[in-house]
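As a plain string of letters, each chain reads:
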Amino acid sequence: MAEKKQIKYKTKETLATEGKWAVGEYKYKAWTHHEEFKENLKQKKLVGSICSSCGRVFVPPTYICGRCFRWIDKRIVVSDKGVITGFVLSTPMRKGMKILGMDPVEMGVVAEGEVLIPCTVKFHGSDTIVQTMLLNVDPKDVRVGMKVQAVWAKVLKGQLSDLEGVEPIE
Amino acid sequence: MKRKIAIVGYAQTRHESDAANTREGMVFEAAKGALDKAGITREAVDTVINVSSDYQDGRTISNLFLVMAEGAYLKDESKVEMDGAFGVLYAMMRILSGNHDTALVVGVTQGSIFNPHQISFYTVDPTFDRQIGLLNDVSAAAIQAKMYKNKYGVSDEQIASVSVKNLVNAANNPYAHRKISDLTVQKVLDSKLYYDPIRELNISSISDGACAVILASEEKAKEIADAPVWIKGVGSCQDSYLRDRNLLKLKSLEIAAKKAYEMAGLKDPFTELNVAEVTERFSHEELMIYEALGLAKEGEGKILVEKGVTERKGQMPVNPSGGALGADPILATGLVRMVEAAKQIRSEAGKYQIQGVRQALAHGQTGLCAQSNIVFILGGES
Amino acid sequence: MQRNVAIIGCGQTKHGRLRDVNTAEMIAEAAWKAMEDANVSPDEVDAIVVGNMQGFGGIYDTELWAGELFGAPKPFLRITTGGTTGGSVAHGGYYSVASGLYDVVLAVAWEKHSDSKERGASTGLAHVAMANIFHTMQQGASIKWLVSLATGAATGVSAFQASCYMYRSGCKVKHLDMVAAKSRRNAAKNEYSHLRWPNCTPEDIAKTEWVSYPLRFGHVCPASDGASAVVYAEEEIAKKKTDRPAWIKGVAAYADEPNLMGENSQGTAITDLSEQLQCILSAKAAYRRAGIKNPRKEIDMAEIYQPFPHQELMFSERVDLFDDGKAWIALEEGQTEIDGSMPLDPSGGVLSTNAIGSSAMQRVLECALQVMGKAGKHQVPKDVKNAVAHGWGGATNFTTITIVGDSPRK
């Protein structure tokens, strides 16, 4: 019979996250994986965790490799260049359109006629895809397989919005 | 049963009021712990059953993001959204069918996410009872407690002595949440009143916790474990809704217990069982459970506590681990009961070990006033 | 050693916006119809398996207060796995009888979206991501990002998946239009379906507005109210109760890593959302259990869980009815029509009727109807010896496969 092993894990304390739905308000605990992700975004770096057993790289970092069934404690920086693996084209934004109870054109969040392009990007070196926005491109030209690179916010605050999106590389 | 099935591994996390751990972390800890205890790897598991609740976890498809943490990657996986012991039943069915030989059952609830008493409000009938706004699991249990007290002349002191027994027992259990080694009946009676006669120390402690159990068919069990804990019998039954049933009796538990005893070949549970781990969400419930299990005659549950029969040193120890009063990670609680019963059989219960345990009973429940019940009979011999 | 199990009766309600019944009444209708069809009384039912995904409209554990309608006290099991709920419930019912613990089991799955307070509950997809979205918002994600996600909200991860699949297979939006039109036409033959359009053409679908490319409004499933139920029995009883039981020959339900994001938006190592490894493995395992060596020859029809049209094509390939990336050719050739050589979703499928909890159960139920010859106007005009019922759910990482046939396993 195997001895019960002590499991040591290197997560910091958990992060309280608040939410709400029809049943009521609630609060649950997340890991602090986004803290390290954001710290690196501020330095224009994309960080992931790498499993010592299978070598898979997870961006944003994850703490458990479900295939090898072990904790992951190593980190690695991946490239800020990659390829589009999937994308969606929104209908053109118009003033007066209500999205999530707000008018994004009126608010200046998007431009009149702008087509938003949520996409998934596989950054070189990562085994995961990151969901972000494709910028500075004509919607007609978007293809799966397009080579792209990260677009960083002009002012870096250590938040997810530091990675504004990706744009095509010529 | 067509095939014999045994518990060959198990683990639980410490149960706490607000653990410094995510539910994913707790699931991984429990699952990995159970595999380590069994001495097998994830690859040896054929099917995984997750036990968790969408409402309690604040997520639809509560098992979705737990797939990796519970070792279910590329495995036949499903979920049961009731007490954990029902998850074990489903895993058993999967093995009995012949499609699988081993199963891992993992249950988790972090009571700190949503107050379970708040969630219980949403299980109340929406057409009539919800509009009145007075019914939840505690107020419904209070109605039941009053009926029971009045009908059989049970005192608050007798009910409180269940709390004392279990919370003092819990002090010896390293995994328990609420341990009060110097608890007295008076302190229970002085604790905060919720709905008369139910007080703070009459209600199970809402915990964050996870628990995992590994099942194996006979051939595999003998390969894996040198002391498998055999499932001798199981029975389950769900009663009608609150207003449509007689709250004085836990009828569905009676039916479930009878089925389990029959399957296990038990004629006289009181003498043939050496220990019972039951899920008592309220102290008075434990007295009613004694009766439904046939350990006491109708209305005489109070006699067992008066005479100390269900104390650790008594003839029929009940909840030496502290029971749900000691730790209640809601959907994981039935699994914890099974683990605690298995530990007794394998002499692994440390400070609260009962001597000479060969057969144990484990009980789990779901629903207002113990509406749905499941009973397992576990045994140590082949 | 293995016990043979069959479906001996099916029952479902009409699906749509049902405001004249409450949930309990709706479930009762399906359950009673199934028991009548099976020729069993409630007393003969040993246990009940239930499931639904009431998306947070505030009604939880319906079977606790609806219990009397099934003849409580009885053993119950509640199984809820998202989109695959109905399939998981169907498996739960199968395993209950296959285990030998029970001989006759009723399995019921349902959804009553119109009772929900929140529109987001309509597909349940928004709530899967909800906790992750709360988390991400608290990490300083931009409003623009949130708006960009919301524009595709009805379609969620499926929209990205469609884009992956189109790249992988070469299929075009017109193929999605063709699948959607076929679904509406087939649904018109099915008295229980929700969206019916007897002569719907791909051009009709192509006229609908875009939700977000590549999905149009015409491609999106409805949010239906409805319940479906089946009664399972072990072999001896099944043969007594009906001349044509629908035998469950093989089941499997593998889980993959969540696609696109993990708990609280951690990374997950799946880059092609259209690969669906768990579906490939589930199908292999189910065929093996059913003794089916060549699905293309031995399977006569399939009910694929397709809330979005690309999924009919994609999953029919993953359950090995067509080569990877070639299902659209079969579609163009008419092979997947009701009277084709490999009819897919003759009932109309989830595209035209989606009561989330019930939908994957309906796939099993529809296959059973086809095997039993009871599918009425949408009965496929050929002998159905073996049928595949498929379900998917989760973050497209869950699958349930059930092989239904006209004879028990040997």
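Residues numbered from 1 in each chain as written. Chains lettered and ligands numbered in written order. Predicted model: local features only at pLDDT ≥ 70, side-chain atom pairs only at ≥ 80, totals over all residues.

### A closer look at the overall build of chain B
Helix and strand counts for chain B stand at 15 helices and 11 strands. If one aligns the C-alpha atoms of chain B with their principal axes, the spans along those axes are about 55 × 45 × 40 Å. Here chain B holds 382 residues, and the buried ones make up 70% of them. In chain B, the share of contacts with a sequence separation of at least 24, taken over all contacts with a separation of at least 6, comes to 78%. (Helix = DSSP H or I, 4+ residues; strand = E, 2+ residues; numbered from the N terminus. Buried ≥ 20, exposed ≤ 12 C-beta atoms within 10 Å, placed from the backbone. Contact = placed C-beta atoms within 7 Å.)

### Regarding the overall build of chain C
Within chain C, the regular secondary structure consists of 14 helices and 12 strands. The C-alpha radius of gyration computed for chain C amounts to 20 Å, which stays within 12% of the reference 22 Å derived for 410 residues, consistent with globular compactness. Taken along the three principal axes of its C-alpha coordinates, chain C extends 60 × 45 × 40 Å. When burial is assessed residue by residue, chain C has 72% of its 410 residues classed as buried. When contacts within chain C are restricted to residue pairs at least 6 apart in sequence, those whose partners lie at least 24 apart make up 80%. (Rg over C-alpha atoms; globule rule 2.2 N^0.38 Å.)

### Here's the deal with the interface of chain C and chain B
A common measure of how large an interface is: the accessible area buried when the components associate. Each side of the interface is counted separately: chain C has 54 residues, and chain B has 53 residues. Every element with two or more residues in the side of chain C that touches chain B is listed here: helix H2 (62-66), strand E3 (76-78), helix H3 (85-98), helix H4 (125-137), strand E9 (254-255) and helix H10 (277-290) of chain C. Among the elements that take part in the side of chain C that touches chain B, H3 of chain C stands out by supplying six residues, more than any other. Of the residues belonging to the side of chain C that touches chain B, the class tally is 25 nonpolar, 21 polar and eight charged. Sheet analysis places strand E3 (residues 75-80) of chain B next to E9 of chain C, joined by two bridges and oriented antiparallel. Residue pairing across strands places Asp76 of chain B opposite Tyr254 of chain C, the latter belonging to E9 of chain C. (Nonpolar A, V, L, I, M, F, W, Y, C, P; charged D, E, K, R; others polar. Pairing = 2+ DSSP bridges.)

### Here we look at the environment of Ala180 of chain C
Residue and element names in this part refer to chain C. Within the secondary structure, Ala180 is located in helix H7 (residues 173-187). For Ala180, a count of 31 C-beta atoms within 10 Å puts it in the buried group. Residues Ala180 and Gly348, 168 residues apart in the sequence, show an inter-C-alpha distance of 8.9 Å. Filtering out sequence-adjacent residues up to four positions away, Ala180 remains in contact with Ile205, Gly218, His219, Pro309 and Leu351.

### Some details on the interface of chain C and chain A
Of the residues lining the interface, 45 residues belong to chain C; the matching set on chain A comes to 47 residues. When residues of the side of chain C that touches chain A are traced back to their parent elements, those giving at least two are H4, helix H5 (143-150), helix H6 (156-169) and strand E5 (210-213) of chain C. By residue number, the principal contributor to the side of chain C that touches chain A is H5 of chain C, which donates eight residues.

### A word on the sheet that holds strand E6 (residues 215-216) of chain C
Here we have three strands laid out as an open sheet, ordered E9(A)-E5(C)-E6(C), and antiparallel in their pairing. Whereas interior strands pair on both sides, the edge strands pair on one side only; in this sheet they are strand E9 (89-90) of chain A together with E6 of chain C. As defined by bridge partners, E9 of chain A adjoins E5 of chain C across two bridges and the pair is classed as antiparallel. What sits directly across from Ser90 of chain A, in E5 of chain C, is Ser212 of chain C.

### Considerations on helix H12 (residues 283-292) of chain B
Residue and element names in this part refer to chain B. With 10 of 10 residues buried, H12 is to be regarded as a mostly interior element. Taken together, the buried positions of H12 are Ser283, His284, Glu285, Glu286, Leu287, Met288, Ile289, Tyr290, Glu291 and Ala292. Positive phi shows up at Gly294, right after H12, with a value of about 80°.

### Section: the environment of Met93 of chain A
Structurally, the position occupied by Met93 of chain A is in the loop between E9 and helix H2 (104-107). The buried category is assigned to Met93 of chain A, around which 21 C-beta atoms lie within 10 Å.

### With respect to helix H1 (residues 23-38) of chain B
The end-to-end C-alpha distance of H1 of chain B is 23 Å, a good match for the 22 Å that 16 residues give at a rise of 1.5 Å each. With respect to burial, H1 of chain B is a largely interior element, 15 of its 16 residues being buried. (Expected span 1.5 Å × (residues − 1).)

### Remarks on the nonpolar core
Note that soluble globular proteins tend to have their nonpolar side chains buried in a common cluster. Ranked by size, the top nonpolar core spans 325 residues in total, and within it Val105, Ala212, Val213 and Leu215 of chain B together with Val108, Val230 and Ala368 of chain C carry the most contacts. If we ignore the near neighbours within four places in the chain, the residues touching Ala368 of chain C are Ile7, Cys10, Val230, Ala246 and Val404 of chain C. (Core = buried A, V, L, I, M, F, W, Y, C linked by C-beta atoms within 7 Å.)

### Structural notes on the sheet that holds strand E4 (residues 57-58) of chain A
All names here are of chain A. Taken together, three strands build an open sheet; the order of strands is E4-E3-E7 and the sheet is antiparallel. Of all strands in the sheet, those with a lone pairing partner are E4 and strand E7 (74-78), marking the two edges. In this sheet, E7 lies alongside strand E3 (residues 46-50) in antiparallel orientation, the contact comprising five bridges. Residue pairing across strands places Ile50 opposite Lys74, the latter belonging to E7.

### Focus: the packing of helix H3 (residues 84-96) of chain B against helix H15 (residues 333-345) of chain B
All names here are of chain B. Two elements in contact, H3 and H15, have axes whose closest approach is 5 Å; the angle formed by their N-to-C orientations is 75°. Here H3 lies roughly perpendicular to H15, going by the angle between them. On H15, the residues touching Gly84, Ala85 and Val88 of H3 are Thr333, Gly334, Leu335, Arg337 and Met338. A per-class count over the contact of H3 with H15 returns four nonpolar, three polar and one charged. (Axes fitted to C-alpha atoms, helices over the stretch in contact; angles between N-to-C directions. Parallel < 35°, antiparallel > 145°, perpendicular 65-115°, else oblique.)

### Observations regarding the pairing of strand E8 (residues 246-252) of chain C
Residue and element names in this part refer to chain C. Among the seven residues in E8, seven count as buried, and that is most of the element. Bridge analysis of strand E1 (residues 5-12) against E8 gives three bridges, and the strand direction is antiparallel. Within E8, the residue paired with Ile7 across the bridge is Ala246. Where E8 lies against strand E12 (residues 398-405), five bridges are found, and the strand directions are antiparallel. When the sheet's bridge partners are listed, Gly250 is paired in E12 with Ile403.

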